[in-house]
Amino acid sequence: MDDTLERPNVVSKPVDAVDGDDEQSSGDEDQGPDWTKLPSAPTARPFIPKRGEKDFEPNASGGSGLQRHVLDRSRHAMLEALSAPRTISSKSISYAVWHPDLARAHVTLSRGIHFASMGHSVARTASLDSAKKIHKRLELLPEETLYLVERGAMLCWKACELAPSDTPGLEDVEGIPMTVQQAFAEMIGTADLTLEKYQVFAYLKRLGYAVTRTKPPNPEYPIPPPFEQPQRRYQSSFLHKVLSVVLWPLRALQSLFVPRFDWWQPIRTSCLHGAFNIRAVHHGLCRCTVLCVGLGHLFQSLRFLPGGHNAPLHVQARPRAPVSPYQIFYNVYKPSTPFKKTAPPPPEYSVVVVNARTTPMPTLTELTSLFGVLPELPPPLPRKRQSFVQQKAGTAPPPAPAPKTQLPPSRMQRFFPWAFPSTSPPELPRNINPFLSLKTGKKMVVVAAVDAGMTSFFRFGEGVFTEWPMVL
C-alpha cells in the first residue's frame, strides 16, 4: 500500500518556466546545489542553480522508495553535469609545440592577456632550405605551459617527425596533440619543476600575481636587477688581524688588574650610579615620582652575548652536508604592480617552495643564508587615519591648484642664495611607528609548504630589535 502511494508520478518542472528570482537565489549555504535544475543542453544565459531542500532525515532502514528515487535522481543529475565536456572559443585559444629535448614550449599562436607576464623571447637556429637562420620565438617554461594547458587556454602538441597536420591554419604545426594528463607526465620533473612548485605557481597565478623564477633557467630569461647588499660591520681584514695580535698583550695585562666579569652579578654599583634620578613634583597630594634616566648603560650590562644580525654565526658546517631545500625559487609581484616582462622590477615577495611531509623546519643557518641574499626593506610608514568624511572627500578628484606667480630672483638672491631661504614650507616627515617596524622586520622571505596539495604560506622576517632602542 505504501509503495503504491509513494511511487513517483510527478513531472518535474521545466527549467525555462522557473522564475528568475528563484534561479538566482542561493538558499542555505550549508546545503548543496540542486543539480536537477541544471539544463541538459547548454544555454546562452548562465544562472546559479537553486539549492535543494532536505525533506527527510536519514534512517537505519534506508528510507522509503520516494526518498531513494529523489537521491538517485539528484545523483544522476550531478554526474551528468560533471561529465559535460568543457568548451572554449577558438578565437581565444593559443597553440604551442612542446620540445622535450629543450624542456620548453614554442608558442606558434599567442592569444589573450596571459602572455603579458608569461613567456620569454629566445633566439633559435632554424634550417630553411639547407640554410641556417637565427630568429626569435616566444617560449614558455614547463610550469607556464602546464598552467595554460590545464585551464584550457592553450592547445599543446609534442614535437615529432610526422607529417604536417591537415587542419586549416595549422599546416606549420608538426607533432601530435597532448592531453592534460600527458602534459603533466611530460613536464613535471623537467627544468627543476616539481609538483609542489607547480601547485604554488598555479595558485598564485589564479589570484592574479605575476610569478617568475629567481634563477634564470637559460641566459635569455629576464631577471630583475641584483640587490644592493649592505656592508657588514664584522669584517675581518688584514689590518684588523694585525691590531688584534698587537693588542693581545695589553688585554692580558688588563685581565690581571681588572676583576673578572661575574655572570651571576652583571650589574655593578658603578652601573647603578647615576641611573636613577629622583625628582619631587608637588601636585596636590602627590609627593614625588621616580624617573629612570640613563638605563641604556644598565641594559647594556645585562646583555651577555652580542646582539644583532651583523654578528656572524659560529656554526661549523657539516662535511658532505646535503643541499638545503630552502632555496628561493619564485619572484612574486602584486597584481597592482606595473610589471614589464622584458625588464622585471625587484620582486615584492621571495617564495621558497618545500614539501611539508619530507622537509623539516628551517634551521638558523638556513634562515641566515636566505636573509643573506635578500635586500633590506625600508621602515613601513604609519597609516594615515582618516574619518569617513575625509575618505569620501578623497574619492573626488582634487581641485586644480591655482598657478603661483613667482617673481624672478634678484641679483642678490642669485649670488647669496643661503641668505634668502625658501618661502614654501617643507613637508614634515611622518614619524615611523617602531612597533610596526618590529613586526615587519627589515628582511622577509615567504615559505610555501605544500602538504598533499594543500598550500600554506609562512612569512619569516629578520628582526630589528637591536636597532630600535626602546629605552631612552
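Residues numbered from 1 in each chain as written. Predicted model: local features only at pLDDT ≥ 70, side-chain atom pairs only at ≥ 80, totals over all residues. Heavy atoms only, no water.

- In the nomenclature of an unreviewed UniProt entry, the chain is known as tRNA-splicing endonuclease subunit sen54 N-term-domain-containing protein of Rhodofomes roseus.

1. Structural notes on the overall build of the chain
Part 1 of the reasoning: Within the chain, the regular secondary structure consists of 14 helices and 13 strands.
Part 2 of the reasoning: Of all 472 residues assigned to the chain, the portion counted as buried reaches 22%.
Part 3 of the reasoning: Considering only intrachain contacts with a sequence separation of at least 6, the fraction spanning at least 24 residues in the chain is 61%. (Helix = DSSP H or I, 4+ residues; strand = E, 2+ residues; numbered from the N terminus. Buried < 20%, exposed > 50% of the residue type's maximum accessible area, 1.4 Å probe, protein only. Contact = heavy atoms within 4.5 Å.)

2. Regarding the nonpolar core
Part 1 of the reasoning: Judged by nonpolar contacts, the single largest core of 33 residues is most densely connected at Leu-148, Tyr-330 and Val-351.
Part 2 of the reasoning: Listed in part, the 11 residues of the second largest apolar core include Tyr-326, Phe-371, Leu-374 and Val-445. (Core = buried A, V, L, I, M, F, W, Y, C linked by side-chain atoms within 4.5 Å.)

3. Brief notes about a nonpolar patch on the surface
Part 1 of the reasoning: A cluster of nonpolar side chains, contributed by Leu-239, Val-242, Leu-243, Val-246, Leu-247, Leu-250, Leu-253 and Leu-256, occupies part of the molecular surface with about 770 Å² of accessible area.
Part 2 of the reasoning: Where the nonpolar patch is concerned, the elements lending two or more residues are α7 (238-246) and α8 (248-257).
Part 3 of the reasoning: Broken down by element, the nonpolar patch gets its largest block of residues, four residues, from α7.
Part 4 of the reasoning: Looking at the element boundaries, Leu-239 is found in helix α7. (Patch = residues over 30% accessible without salt bridge, like charges linked within 9 Å, V, L, I, M, F, W, Y side chains within 5 Å. Areas by Shrake-Rupley, 256 points an atom, 1.4 Å probe, with all protein chains shown as cover. Salt bridge = Lys/Arg side-chain N within 4 Å of Asp/Glu carboxyl O.)

4. As for the packing of aromatic side chains
Part 1 of the reasoning: Tallied over the full model, the rule gives seven aromatic pairs.
Part 2 of the reasoning: Pairing Tyr-95 with Trp-157 gives two aromatic rings, centres 5.8 Å apart and planes at 35°, and the pair type is tilted. With a gap of 62 residues between them, Tyr-95 in strand β1 (residues 94-99) and Trp-157 in strand β5 (residues 154-158) connect regions that are remote in the sequence. For the residue pair Tyr-95 and Trp-157, the accessibility class agrees, reading buried in each case.
Part 3 of the reasoning: A connected cluster of aromatic rings, assembled from ring pairs, spans Tyr-147, Phe-201, Phe-329 and Tyr-330.
Part 4 of the reasoning: Its guanidinium or amino end placed over the ring of Phe-329, Lys-197 lies 4.0 Å from that ring's centre, counting from NZ or CZ. (Phe/Tyr/Trp six-rings, centres within 6.5 Å; stacked < 30°, edge-to-face > 60°. Lys NZ or Arg CZ within 6 Å of the ring centre and 35° of its normal.)

5. Some words on the packing of helix α4 (residues 142-150) against helix α5 (residues 180-187)
Part 1 of the reasoning: It is at 10 Å that the axes of α4 and α5 come closest, and there the two elements cross at 170°. The angle between the axes of α4 and α5 places the two elements in the roughly antiparallel class. In this structure, α4 contributes Pro-142, Thr-145, Leu-146, Val-149 and Glu-150 to the contact, and α5 contributes Val-180, Ala-183, Phe-184 and Met-187. (Axes fitted to C-alpha atoms, helices over the stretch in contact; angles between N-to-C directions. Parallel < 35°, antiparallel > 145°, perpendicular 65-115°, else oblique.)

6. What about the environment of Val-149?
Part 1 of the reasoning: The topology assignment puts Val-149 in helix α4.
Part 2 of the reasoning: When its relative accessible area of 7% is taken as the criterion, Val-149 is described as buried.
Part 3 of the reasoning: Sequence separation between Val-149 and Ser-94 is 55 residues; the distance between their C-alpha atoms is 9.4 Å.
Part 4 of the reasoning: Residues within four places of Val-149 in sequence aside, it is in contact with Met-154, Cys-156, Val-180 and Ala-183.

7. Details of the packing of α4 against helix α6 (residues 195-206)
Part 1 of the reasoning: Where α4 contacts α6, the axes come no closer than 10 Å and their chain directions differ by 60°. The angle between the axes of α4 and α6 places the two elements in the oblique class. Along this stretch, α4 crosses α6, giving a crossing that reads as right-handed. Taken together, the residues of α6 that come into contact with α4 (itself represented by Glu-143, Glu-144, Leu-146, Tyr-147 and Glu-150) are Tyr-198, Phe-201, Ala-202, Lys-205 and Arg-206.
Part 2 of the reasoning: Taken together, the residues of the contact of α4 with α6 sort by class into five nonpolar, no polar and five charged. (Left-handed = near helix turned anticlockwise from the far one by under 90°. Nonpolar A, V, L, I, M, F, W, Y, C, P; charged D, E, K, R; others polar.)

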